[in-house]
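Descriptive analysis of the structure
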Amino acid sequence: MRRIIIFCSTVVLSAGCSIYKPYSRPEMKMETDSLYGQGVVVKDTASIATLPWTELFTDPMLQALIREGLASNTDLGIARLRVEEAEATLLSSRLAYLPSVSLTPQGGLSSYDGAKTSKTYTLAASAEWEIDLFGRLTNAKRGARAALESSRAYSQAEQSLAQAFYAANAARSAFYPSITLSGSAGWTNSAGVVISNPGSWLLSAIGSLTQPLFNRGRTLANLRIAKAQQEEALLSFRQSLLKAGNEVNDALMQWQTADERLKIIGEQVESLQSAVDNTRRLMEYSSSSSYLEVLTARQNLLQAELTEANDRFDKIQGVINLYHALGGGDQ
């Protein structure tokens, strides 16, 4: 009999070890279209996203406008509130390892068949502590931490995947027994004897084990839901990698194209500036040029300068898009 008990305990404990396994990023190689149409493997590398936005955008007036926009951004306000909620949830999960303590005073009056009224009282404090033998509390804490990281980034699909991973582990732990230790200590007047102060000591300690057997399929349904949500989070993570890679490539393409256009339009602006100067000199020192030609040359120069300004804006916008696509802006 002892061998059977030891064998069953070993099987249960070995099966429960997987519940404590921490989240690790799944192995996946996602390919996206590069700038030149060739497949590239997405890898984590150092980038401009590691820079705070105050170091990337150094103009004081621009920084003042960014700060004003951040202060008035309702989406960021909602994100900050979600961070506070996630921090409170994580704190609650951490405190779940500690025993719960409560004061439970009781008093009563009783009389049977007209007899003298019996007065009883109990002044005690009770404590209850759940032993995290199969990882329910641990997975809840890790899931809350992943939720906090996700809310801080208000995106980072991988944290949602980690949260779903720990939720699935918590659903698995529901199949294992829960062990709770509880006890109380205080004073009592021993069920109706003359009330004395402080009375007699009352001490009790109870250990309980609850093994779920049948709860109308709720535990199994919760596990299936958690597994489905984990698979959904994995697919969302893969989709986010594809989207992030495409966004990075698009931003690089935008920056590179605008930079090439700026080189061409810069030469064109210099040429048109020279044409304006030459046309103006011809009008001043000879009769071979009219003022209409000077106006036409200046109009062409102005149009080229406007195009140059638009290309410069497009290049800056490409840098901003690249910074955002790489995950920058949280610092």
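Refer to the structure presented above.
Residues numbered from 1 in each chain as written. Predicted model: local features only at pLDDT ≥ 70, side-chain atom pairs only at ≥ 80, totals over all residues. Heavy atoms only, no water.

With that settled, the discussion passes to the overall build of the chain. When helices and strands are tallied, the chain shows eight helices and seven strands. Counting all 331 residues of the chain, 25% fall into the buried class. For the chain, the accessible surface area stands at approximately 22500 Å², while carbon and sulfur atoms represent 58% of it. (Helix = DSSP H or I, 4+ residues; strand = E, 2+ residues; numbered from the N terminus. Buried < 20%, exposed > 50% of the residue type's maximum accessible area, 1.4 Å probe, protein only. Areas by Shrake-Rupley, 256 points an atom, 1.4 Å probe, with all protein chains shown as cover.)

Before going further, it helps to examine the nonpolar core. Grouped together as the largest cluster of nonpolar side chains are ten residues: Tyr23, Ala146, Leu161, Ala162, Ala164, Phe165, Tyr166, Ala233, Leu234 and Phe237. Elements that contribute at least two residues to this core include exactly helix H6 (158–173) and helix H7 (218–285). Ranked by the residues each element gives to this core, the list is headed by H6, at five residues. Look past the residues within four positions of Ala146 in its chain and what remains in contact with it is Gln159, Ala162 and Gln163. Leu262, Leu272, Ala297 and Leu301 belong to the second largest nonpolar core, which has eight residues in total. (Core = buried A, V, L, I, M, F, W, Y, C linked by side-chain atoms within 4.5 Å. Contact = heavy atoms within 4.5 Å.)

Turning our eyes to something else, we now look at a nonpolar patch on the surface. Judged by side-chain polarity, Leu91, Leu95 and Leu98 come together as a nonpolar surface patch covering roughly 300 Å² of accessible area. Within the secondary structure, Leu91 sits in helix H4 (residues 74–95). The exposure class assigned to Leu91 is partly exposed, which follows from its relative accessible area of 49%. (Patch = residues over 30% accessible without salt bridge, like charges linked within 9 Å, V, L, I, M, F, W, Y side chains within 5 Å. Salt bridge = Lys/Arg side-chain N within 4 Å of Asp/Glu carboxyl O.)

What follows deals with the environment of His324. Counting through the fold element by element, His324 comes out in helix H8 (residues 291–325). Remark: the alpha-carbon pair of His324 and Ala251, spanning 73 residues in sequence, is separated by 9.4 Å.

A few words on the packing of aromatic side chains. If you walk through the whole model with that rule in mind, you get two aromatic pairs. Between Phe57 and Tyr323, the aromatic rings sit 6.0 Å apart at their centres with planes inclined by 90 degrees, giving edge-to-face as the arrangement. The same class applies to Phe57 as to Tyr323, namely buried. Summarising the aromatic geometry, the rings of Phe165 and Tyr166 are spaced 5.3 Å apart at their centres and angled 75 degrees between planes, so their arrangement reads as edge-to-face. Residue class for Phe165 comes out buried when judged on its relative accessible area of 16%. (Phe/Tyr/Trp six-rings, centres within 6.5 Å; stacked < 30°, edge-to-face > 60°.)

On to the pattern of salt bridges. Per the counting criterion, the structure on display carries six salt bridges. Across the pair Asp259 and Lys263 runs a salt bridge, and its minimum N-O distance is 3.9 Å. Placement of the pair is Asp259 and Lys263 together in helix H7, with a separation of four residues, close to one helical turn. Its relative accessible area of 16% is what places Asp259 among the buried residues.

Contact geometry for H7 and H8: axes closest at 7 Å, N-to-C directions at 160 degrees. Between H7 and H8, the angle is such that the two are roughly antiparallel. In the crossing of H7 with H8, the sense of the turn from one axis to the other is left-handed. Split by residue class, the contact of H7 with H8 holds 19 nonpolar, nine polar and twelve charged. (Axes fitted to C-alpha atoms, helices over the stretch in contact; angles between N-to-C directions. Parallel < 35°, antiparallel > 145°, perpendicular 65-115°, else oblique. Left-handed = near helix turned anticlockwise from the far one by under 90°. Nonpolar A, V, L, I, M, F, W, Y, C, P; charged D, E, K, R; others polar.)

Turning to its location among the elements, Thr279 is positioned in helix H7. Among the polar contacts made by the side chain of Thr279, one reaches the main-chain carbonyl oxygen of Ala275 at a distance of 2.7 Å. (Polar contact = N/O pair within 3.5 Å; in protein donor to acceptor, adjacent residues only side chain to side chain.)

As paired strands, strand S3 (residues 100–103) and strand S5 (residues 118–131) are joined by four bridges and run antiparallel to one another. Bridge pairing links Ser100 to Glu128 in S5. As judged from the ten bridges shared by S5 and strand S6 (residues 178–188), these two strands associate in the antiparallel manner. Among the inter-strand pairings, Ser126 is bridged to a residue of S6, identified as Ser184. (Pairing = 2+ DSSP bridges.)

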